[in-house]
Amino acid sequence: MDQVPSEAKLNGIRRAVLLLEGQHPSAPPVKAEAEAKESCSNVAHVQEGAKTIDRQIRVFVSVPGSSVAQNDVPDSFYKLSGEEIRNEAKMRRERLEQSRLLIPKSYKEKQALAARQKYKQAVIRVQFPDRMILQGVFLPGEATSSLYEFVTSALKQPGLEFELISPAIPKPRVVPHFPNPGERARTLQDEELVPSALLKFIPQETDSVVFTGLLDELLMASEPLPPASQ
């Protein structure tokens, strides 16, 4: 006798279908790998003011010789101590104060406008512990919280907390999730994630919630990551 899928399994399937089919509940479910790949080009749209953008979701497998594999670093590189996190926050506040004092507001506005006009989109890749890579397209002016929402919607375990780490030199930094009280939300442009960036997914696992990978429907649409150009 066939087993009835659990409620958790059904919820995961529903979330994947909505993600791949552009948040249209009436869309038919993905039934095969070919359909899943085709659906990735018709994914969710987001609204930023009067602008709309197609996430253009793609899922890659990092293999030896790929651009990510050749530039990969151990997970220990991304682990920040409490002292490093506090120092990073302090340095950001100091840089912000200095920029307010040294750079006229009109000049900063012109710089921001020039950047927005130059780059209309940002391609963001997120690398997971199992070597899978999730790619999406964002607007430069979107809040960084949209990155976390995007990744959460693709996880088998949506209740898992995590951080997205930007491998900045000399030290990596955490991409902010929510703004601090009294501060405006940071954007992808603010975090220098435009026109493209590779972020590291660091799960905050507990005894009851662990990283279990991306949704099966997204894995079905995965493809090998192109090799690094010579």
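Residues numbered from 1 in each chain as written. Predicted model: local features only at pLDDT ≥ 70, side-chain atom pairs only at ≥ 80, totals over all residues. Heavy atoms only, no water.

In the nomenclature of an unreviewed UniProt entry, the protein corresponds to UBX domain-containing protein from the organism Sorghum bicolor. Annotation of the protein in UniProt includes, under Subcellular location (unreviewed entry), the sentence "Membrane". (UniProt positions renumbered as here; feature names shortened; annotations may be inferred.)

Enquirer: Outline helix α6 (residues 145-154), supporting the account with residue identities and numerical values.
Expert: Counting buried positions along α6 yields 7 of 10 residues, so the element is predominantly enclosed. All of the buried residues along α6 are S145, S146, L147, Y148, F150, V151 and A154. (Buried < 20%, exposed > 50% of the residue type's maximum accessible area, 1.4 Å probe, protein only. Helix = DSSP H or I, 4+ residues; strand = E, 2+ residues; numbered from the N terminus.)

Enquirer: I'd like to hear about the packing of aromatic side chains, residue by residue, with values.
Expert: This structure, assessed with the given rule, holds 6 aromatic pairs. Ring centres of F128 and F211 lie 6.0 Å apart, and the angle between their planes is 5°; this geometry places the pair in the stacked category. Remark: F211 occurs in the loop between β8 (196-204) and α7 (216-220) and F128 occurs in the loop between β4 (122-127) and β5 (132-138); sequence separation between them is 83 residues. Residue F128 shares its accessibility class with F211, and that shared class is buried. (Phe/Tyr/Trp six-rings, centres within 6.5 Å; stacked < 30°, edge-to-face > 60°.)

Enquirer: Describe the side chain of T187, and please don't skip the residues or the numbers.
Expert: Looking at the element boundaries, T187 is found in the loop between β7 (173-174) and β8. From its side chain, T187 meets the backbone nitrogen of D190 in a polar contact 3.1 Å long. Among all residues touching T187, those that are not within four sequence positions of it are P140, G141, E142, A143 and T144. (Polar contact = N/O pair within 3.5 Å; in protein donor to acceptor, adjacent residues only side chain to side chain. Contact = heavy atoms within 4.5 Å.)

Enquirer: Account for unusual backbone geometry, with residues named and values stated.
Expert: Residue P195 follows V194 across a cis peptide bond; omega there is 10°. Relative to the assigned elements, P195 resides in the loop between β7 and β8. Positive phi outside glycine occurs at R131, with the angle close to 75°. With respect to the secondary-structure elements, R131 resides in the loop between β4 and β5.

Enquirer: For the pattern of salt bridges, give the residues involved together with the corresponding values.
Expert: This structure, assessed with the given rule, holds 6 salt bridges. The partner of R186 in a salt bridge is E191, with the nearest N and O atoms 2.9 Å apart. Exposure remark for R186: the relative accessible area of 31% places this residue in the partly exposed category. Among the ionic contacts, a cluster of salt bridges with common partners joins R173, R186 and E191. (Salt bridge = Lys/Arg side-chain N within 4 Å of Asp/Glu carboxyl O.)

Enquirer: Outline the confidence of the model for the protein, listing residues and values.
Expert: In this model, the protein carries a mean pLDDT of 75, and residues with pLDDT of at least 70 account for 57%. Per-element mean pLDDT across the protein ranges from 46 in helix α2 (residues 33-39) up to 97 in α6. Every residue in residues 23-50 scores below 50 in pLDDT, and together they form 58 contacts with partners more than four places removed in sequence or on other chains. Confidence drops under pLDDT 50 across residues 69-73; counting only partners more than four residues distant or on other chains, this segment forms 11 contacts. (pLDDT = per-residue confidence, 0-100.)

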